[in-house]
Amino acid sequence: MLKKKEHQGIHIKYEKNIDIFVNTSEDKKMNNKLKDKVALVTAAGQGIGKATAIAFHNEGANVIATDINNETLNELNKEYPKIEIKILDSTNNESIKNFISSINKLDILFNAVGFVHHGTVLECDEKDWDFSSNVNVKSMYFMCKAALPIMIKQNGGSIINVSSCASSLKGFPNRFVYGTTKGAVIGLTKSIAADFVKQNIRCNSIAPGTVFSPSWQDRVNQSPDPIQAKKDFIARQPMGRLGTAEEIATVAVYLASDDSSFTTGTTISVDGGISI
């Protein structure tokens, strides 16, 4: 039987008496912080990408949501018909260039594509290294390189890259190539911020902690003992709970909006204190 309680202003449901936290609160009152801005969100079919696409939409942005999963994109479009959807593989440079060439205005780029490999350097084969590097880093290189000329032409824009607390911020067991590539995302972010600050283009990254999402649930289900795996994830959280995708999206709205007009080249940790 599911139990509910309120935790720091968030309505939370416990699944089968295990401390898995899901944001079940109603949408917050929006202020049109992104009114008339055009936002491109990758990995928007689920998790952080989906929550961010919805948050941008609710703040008045014209959102283009991309993913490789047609089914999840269609579900998003049914919920929010005004969100434009597009099948796009962010690791395919030619597809990205062809797609970006059809866009005349782009104010916000949110790069959320990522893959979590489990294991130490000894369990990381060359194919694992290459795959994680392509998904976690090269995809952002492709997307940023394609989007920047539009932002330069219009003299402004905001790029937001999803890194992780498992990066140059903190080392975690069995996150060798994931932490390596997410650390590279922070370096990529700072470099772009430094190179294009004079063109009024800001580039920042978000470093989430463990967030309740379909991809996290899939990883848990693949463990030998999913119930214990869930408990272990919760046990390492200083706040005693997982984060929600909506909490990450709130920070993304800040970085996308004019509220953060003096913020660039930074990484904001949204991790429940795990990187302290």
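The structure this text deals with has already been given above.
Quick look at the structure, then. Keep in mind it's a predicted model, so treat the numbers as computed, not measured.

What to know about the environment of Met140
Structurally, Met140 is set in helix 4 (residues 126-153). Given the relative accessible area of 1%, Met140 is considered buried. With 31 residues separating them in the primary sequence, Met140 and Leu109 have C-alpha atoms 9.9 Å apart. When residues no more than four places from it in sequence are discounted, the contact partners of Met140 are Asn111, Val113, Asn161, Val162, Lys182, Val185 and Leu188.

Quick notes on the packing of aromatic side chains
One pass over the structure, following the stated rule, counts 4 aromatic pairs. For the pair Phe115 and Phe131, a centre-to-centre distance of 5.0 Å together with 90° between the ring planes defines the contact as edge-to-face. Residue Phe115 is located in the loop between strand 6 (108-111) and helix 4, and its partner Phe131 is located in helix 4; the two are separated by 16 residues in the primary sequence. Among the residues examined, Phe115 registers a relative accessible area of 34% and is labelled partly exposed. Classification of Phe131 by relative accessible area gives partly exposed; the value is 45%. A ring pair is formed by Trp129 and Phe176, whose centres lie 6.0 Å apart and whose planes are at 35°; its orientation type is tilted. Here Trp129 is found in helix 4, whereas its partner Phe176 is found in helix 5 (residues 176-196), with 47 residues between them in sequence.

Definitions and limits used
Residues numbered from 1 in each chain as written. Predicted model: local features only at pLDDT ≥ 70, side-chain atom pairs only at ≥ 80, totals over all residues. Heavy atoms only, no water. Helix = DSSP H or I, 4+ residues; strand = E, 2+ residues; numbered from the N terminus. Buried < 20%, exposed > 50% of the residue type's maximum accessible area, 1.4 Å probe, protein only. Contact = heavy atoms within 4.5 Å. Phe/Tyr/Trp six-rings, centres within 6.5 Å; stacked < 30°, edge-to-face > 60°.

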